[in-house]
Amino acid sequence: GQQLNQSPQSMFIQEGEDVSMNCTSSSIFNTWLWYKQDPGEGPVLLIALYKAGELTSNGRLTAQFGITRKDSFLNISASIPSDVGIYFCAGQLEDSNYQLIWGAGTKLIIKP
Amino acid sequence: DGGITQSPKYLFRKEGQNVTLSCEQNLNHDAMYWYRQDPGQGLRLIYYSQIVNDFQKGDIAEGYSVSREKKESFPLTVTSAQKNPTAFYLCASSSYWPQHFGDGTRLSIL
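An account of the accompanying structure is given in this report. A quick note: this is a predicted structure, and the numbers were derived from the prediction, not measured.

## What about the interface of chain B and chain A?
One frequent convention defines the size of an interface as the accessible area lost when the parts assemble.
Turning to step 1, where the next piece is worked out: Each partner contributes to the interface: chain B provides 22 residues, whereas chain A provides 19 residues.
Turning to step 2, where the next piece is worked out: Taking both partners together, chain B and chain A bury about 1,800 Å²; carbon and sulfur atoms supply 58% of that area.
Turning to step 3, where the next piece is worked out: Scanning the region where chain B abuts chain A turns up zero salt bridges.
Turning to step 4, where the next piece is worked out: Put simply, chain B and chain A have four residue pairs in polar contact (both at pLDDT 80 or more) between them.
Turning to step 5, where the next piece is worked out: Elements with a minimum of two residues in the side of chain B that touches chain A: β4 (31-37), β5 (43-51) and β9 (87-94) of chain B.
Turning to step 6, where the next piece is worked out: Looking at the side of chain B that touches chain A residue by residue, the classes come out as twelve nonpolar, eight polar and two charged.

This is the structure we're talking about:
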């Protein structure tokens, strides 16, 4: 089946550091979505991207839809303790309707 | 408040038993979805429905069944044919994009 490669798998960072994660694929996507999931809860939408090259911010978060339509990245600036969690990318393939393909997640851990 | 409600939060299944997970939304979304999440993995699509009285299999539909009799409701039944049902189940809905999620049901085997 179709796959999204999300990296890194986990990150250990100091509070205040910037964070960067990305998703890549060999397939072309029409939509990229970035979600955050806290333990025992459902994913919460952070940023939605609908157009190649689009760069969108949500507070300290910035995400971009790659020009090739095969990748996307998410940056978090000046990380704080509540940023801890698992971040997922999800993409809608160009030839699909309502289905999303999901990355395996990036676990963000802040070192005390 | 508008949102997606999943119940119960925790569910235990005995061998050979069918169990049903509830998902209700008051967002007036046409599409609803069921996902399975295993530890350390992304979400895998079980079933989805774009309209009342219609639904399609996702990537891992074997051992599961659904119904969509009302726009607001999309219950998932985990049947005895699903031999490894222990997982976190997430329901989502959307009016095209993006998908919004409930808080999940954790299913375990007794």
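## A few points about a nonpolar patch on the surface
All names here are of chain B.
Turning to step 1, where the next piece is worked out: Residues Y10, F12 and L110 make up a contiguous nonpolar surface patch of about 390 Å² in total accessible area.
Turning to step 2, where the next piece is worked out: Among the secondary structure elements, L110 is positioned in the segment after β11 (105-109).
Turning to step 3, where the next piece is worked out: By relative accessible area, L110 is classed as exposed at 63%.

## Some remarks on the state of the cysteines
Residue and element names in this part refer to chain A.
Turning to step 1, where the next piece is worked out: Throughout the structure, instances matching the rule amount to two disulfides over all chains.
Turning to step 2, where the next piece is worked out: The partner cysteine of C23 in its disulfide is C89, sulfur to sulfur 1.7 Å. Between C23 and C89 the disulfide shows an S-S torsion of about -90°. By sign, it is left-handed. In this pair, C23 is assigned in strand β3 (residues 19-24) and C89 in strand β9 (residues 85-93), connecting sequence segments 66 residues apart.

## Looking at the nonpolar core
Turning to step 1, where the next piece is worked out: Of all hydrophobic cores here, the largest spans 23 residues; its most connected members are W32, W34 and L74 of chain A.
Turning to step 2, where the next piece is worked out: Those elements that provide at least two residues to this core are β2 (10-14), β3, β4 (29-37), β5 (44-49), β7 (61-65), β8 (71-76), β9 and β11 (106-111) of chain A.
Turning to step 3, where the next piece is worked out: Residues contacting L74 of chain A, with those up to four places away along its chain left out, are V19, S20, M21, W34, L46, I47, L61, T62, A63 and Y87 of chain A.
Turning to step 4, where the next piece is worked out: In this structure, I4, I60, C91 and L107 of chain B belong to the second largest nonpolar core, which totals 20 residues.

## Some remarks on the sheet that holds β7 of chain A
Residues and elements named next belong to chain A.
Turning to step 1, where the next piece is worked out: In space, the five strands of this open sheet follow the order β1-β3-β8-β7-β6, with antiparallel pairing throughout. Where the open sheet ends on each side, the last strands, each with one partner, are β1 (5-7) and β6 (55-58). Along the sheet, successive strands turn relative to each other by an average axial angle of 15°, direction set aside.
Turning to step 2, where the next piece is worked out: Pairing geometry for β1 and β3, over three bridges, is antiparallel. When the bridges of β3 are listed, S7 appears paired with N22.

## Structural notes on the environment of R69 of chain A
Residue and element names in this part refer to chain A.
Turning to step 1, where the next piece is worked out: As for its placement among the helices and strands, R69 is situated in the loop between β7 and β8.
Turning to step 2, where the next piece is worked out: R69 sits in the partly exposed class, given a relative accessible area of 27%.
Turning to step 3, where the next piece is worked out: With 42 residues separating them in the primary sequence, R69 and S27 have C-alpha atoms 8.1 Å apart.
Turning to step 4, where the next piece is worked out: Aside from chain neighbours lying at most four places away, what touches R69 is S27, I28, F29, N30, W32, A52 and E94.
Turning to step 5, where the next piece is worked out: Looking at R69, its side chain comes within polar contact range of the side chain of N30, at 2.4 Å.

Definitions and cut-offs
- Residue positions are counted from 1 within each chain, in the order its sequence is given.
- The naming scheme follows written order: chains are lettered A onward, ligands numbered 1 onward.
- Residue-level local features of this predicted model are given only where pLDDT is at least 70; pairs of side-chain atoms are given and counted only at 80 or more, and the full residue set underlies all totals for whole chains, interfaces and linings.
- Side-chain measures were taken over the full set of non-hydrogen atoms in the model, leaving aside hydrogen atoms and water.
- We call two residues in contact whenever any of their non-hydrogen atoms come within 4.5 Å of each other.
- Here the quantity called buried area is the total loss of accessible area, with a 1.4 Å probe, experienced by two parts when brought into contact, counted for both.
- By definition, a salt bridge exists where a carboxyl oxygen of Asp or Glu is found within 4 Å of a side-chain nitrogen of Lys or Arg.
- Pairs of N or O atoms are called polar contacts if they sit within 3.5 Å, as long as, within protein, a hydrogen donor faces a hydrogen acceptor (for residues adjacent in sequence, only side-chain-to-side-chain pairs).
- Secondary structure elements are taken from DSSP: a helix is a run of H or I of four residues or more, a strand is a run of E of two residues or more, and numbering for both begins at the N terminus.
- Ten residue types, Ala, Val, Leu, Ile, Met, Phe, Trp, Tyr, Cys and Pro, are classed as nonpolar, four, Asp, Glu, Lys and Arg, as charged, and the remainder, Gly among them, as polar.
- The patches described consist of residues with a relative accessible area above 30% and no salt bridge, like charges being joined within 9 Å and nonpolar side chains (Val, Leu, Ile, Met, Phe, Trp, Tyr) within 5 Å.
- Each accessible area is a Shrake-Rupley result for a 1.4 Å probe, and residues are judged covered by the shown protein chains and nothing else.
- A 1.4 Å probe rolled over the protein chains alone gives each residue an accessible area, and that area as a share of the maximum for its type sets the label: buried under 20%, exposed over 50%, partly exposed in between.
- Cysteine sulfur atoms that pair up within 2.5 Å are treated as a disulfide.
- Buried Ala, Val, Leu, Ile, Met, Phe, Trp, Tyr and Cys residues form a nonpolar core when they are joined through side-chain atoms within 4.5 Å.
- Strand pairing is defined by DSSP finding a minimum of two bridges between the two strands.
- Orientation is described by lines fitted to C-alpha atoms, with helices fitted over the stretch in contact, and by angles between N-to-C directions that extend from 0 to 180 degrees.

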